[in-house]
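Structural features, examined
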Amino acid sequence: MSALNEKIKKVQAAKRVVVKVGTSTLTYPNGSLNIRRIETLVKVLSDIKNSGKEVVLVTSGAIGVGAAHLGLKERPRDIGGKQAAAAVGQCELMYIYDKQFAEYGHVTGQVLLTRDVIEDEKRKTNVINTINQLLVYGAVPIVNENDTVSVEEIEFGDNDTLSAVVAVLSGAGALIILTDIDGMYSSDPRTNDDAVLIPLVEEFDDTLRKAASGAGSAYGTGGMVTKLHAAEIAAEAGIPAVIMNGRNPLRLYDLFDGKPVGTLFCK
Ligand code: GLU
């Protein structure tokens with residue numbers, strides 16, 4: 001059996017799965033919710049949950065969706081504007097997730113985090129307990145950064161890192177990062193015709209980091225740099241991570257059927 005097939009089996013076998021979805025997957029370029037995609041994503045996640053897995057969803061989109069909902073021409077750049085937009089967008093996100101998961105008989109719970117919470121042992125333990133208890137209750141924890149109170153000193157800054165931290169805290173068996181590109185490429189495929197998709201990463205070296213950070217490689221929100229960093233945090237903790245395109249959430253079925261999808265990071 002090839003190394004890739006063997007490692008995909010680890011993802012397949014994961015009982016607890018953290019799925020991270022980015023703003024570019026959830027929304028149209030104008031910031032409004034891509035309802036069809038969210039509906040498909042929630043349907044697939046509900047089915048994966050029905051198959052016996054526990055699902056934790058880490059979602060972005062609060063600021064972008066809030067800005068669109070408020071009718072702002074662009075995403076605010078100042079802290080007050082971002083925090084206000086997030087307050088609006090987080091409500092809209094949870095409303096639609098809760099409604100959609102309810103369609104399939106599942107309950108959601110909102111968990112909002114900032115970095116300072118995770119850095120304090122007692123508060124960190126409380127977060128772990130809350131996520132565990134939600135899963136014991138059979139609910140789907142939906143996690144985002146607490147953007148409404150978050151400022152530079154206490155923020156994760158990007159949800160890729162947040163999703164890896166959540167995967168580690170919740171003792172997940174796999175981390176799946178849904179984005180707007182098929183996976184990790186040898187260089188930026190948007191500017192380089194020779195770029196090839198890397199199916200399996202077992203070592204995190206400088207060549208890989210360079211491939212993620214090359215000029216013009218700012219794919220999607222957070223870019224490939226933060227995604228690679230998140231995959232590394234997870235893989236170092238023994239959690240296989242997958243970066244894959246979120247355009248068609250049905251491909252999550254392929255992944256759990258043991259087919260190679262996107263890039264798998266596994267040590
Ligand atoms: N927490 C931010 C939001 O919900 C997203 C951060 C990110 O996309 O990495 O808008």
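Structure's up top.
Not measured: the values here are computed from a predicted model.

**Here's the deal with helix α9 (residues 206-213)**
Among all positions of α9, only Leu208, Ala211 and Ala212 are buried. One side of α9 carries all its buried residues, which in axial view fall inside an arc of 95 degrees. Structural note: α9 exposes Asp206, Thr207 and Lys210 on the side pointing more than 90 degrees away from its buried face. Looking at the packing, one finds that the buried side of α9 touches β6 (200-201) and α10 (223-236).

**Topic: the sheet that holds strand β3 (residues 108-113)**
Pairing in this open sheet of 8 strands is mixed, and the strands run β3-β4-β2-β1-β5-β7-β8-β6 from one edge to the other. Strand pairing shows two members of the sheet lacking a second neighbour, β3 and β6, which therefore form its edges. The pairing of strand β2 (residues 54-59) with strand β4 (residues 140-145) spans 2 bridges and is classified as parallel. Considered in β4, the bridge of Leu57 is made with Ile142.

**Brief notes about the site of the ligand**
Of all residues adjacent to the ligand, which total 11 residues, the nearest are Ala62, Ile63, Asn144, Asp147 and Asn159. Between an oxygen atom of the ligand and a main-chain N or O atom of Gly61, the distance comes to 3.1 Å. Backbone polar atom of Ala62 to an oxygen atom of the ligand: 2.9 Å apart, as the coordinates give it. Listed by contribution, the elements that provide at least two residues to the shell around the ligand are α4 (62-69) and β4.

**Section: the packing of α4 against helix α5 (residues 79-103)**
Interhelical geometry of α4 versus α5 gives an angle of 95 degrees and a closest axis separation of 6 Å. For the element pair α4 / α5, the angle class is roughly perpendicular. Residue-level contacts link Ala62, Ile63, Val65, Gly66, Ala67 and His69 of α4 to Lys82, Ala85, Ala86, Val88, Gly89, Gln90, Glu92 and Leu93 of α5. Taken together, the residues of the contact of α4 with α5 sort by class into 8 nonpolar, 4 polar and 2 charged.

Rules used in this analysis
- Sequence positions are assigned chain by chain, starting from 1 and proceeding in written order.
- The predicted nature of this model means local features are confined to residues of pLDDT at least 70 and side-chain atom pairs, given and counted, to a pLDDT of 80 or more, with totals for whole chains, interfaces and linings taken over all residues.
- Excluding hydrogens and water, the side-chain values take into account all heavy atoms of the structure.
- For the exposure calls, accessible area comes from a 1.4 Å probe over protein chains only, and a residue counts as buried if that area is under 20% of its type's maximum, exposed if over 50%, partly exposed in between.
- Each helix is a run of DSSP H or I of at least 4 residues and each strand a run of E of at least 2, with the numbering of both proceeding from the N terminus.
- Think of the arc as the fan of directions from the helix axis to the C-beta atoms.
- Residue contacts follow a heavy-atom distance rule, with two residues in contact if any of their heavy atoms lie within 4.5 Å.
- If DSSP finds at least two bridges between two strands, the strands pair.
- Any residue with a heavy atom positioned within 4 Å of a molecule or strand is treated as near that molecule or strand.
- In the analysis that follows, any N or O atom pair within 3.5 Å is treated as a polar contact, provided that within protein one partner can donate a hydrogen and the other can accept it, and provided that, for residues neighboring in sequence, both atoms belong to side chains.
- Every angle, taken between N-to-C directions, lies between 0 and 180 degrees, and every axis is a line fitted to C-alpha atoms, over only the stretch in contact when it is a helix.
- The labels follow the angle: roughly parallel below 35 degrees, roughly antiparallel above 145, roughly perpendicular from 65 to 115, and oblique for the rest.
- Each residue gets one of three labels, nonpolar for Ala, Val, Leu, Ile, Met, Phe, Trp, Tyr, Cys and Pro, charged for Asp, Glu, Lys and Arg, and polar for the others, Gly among them.

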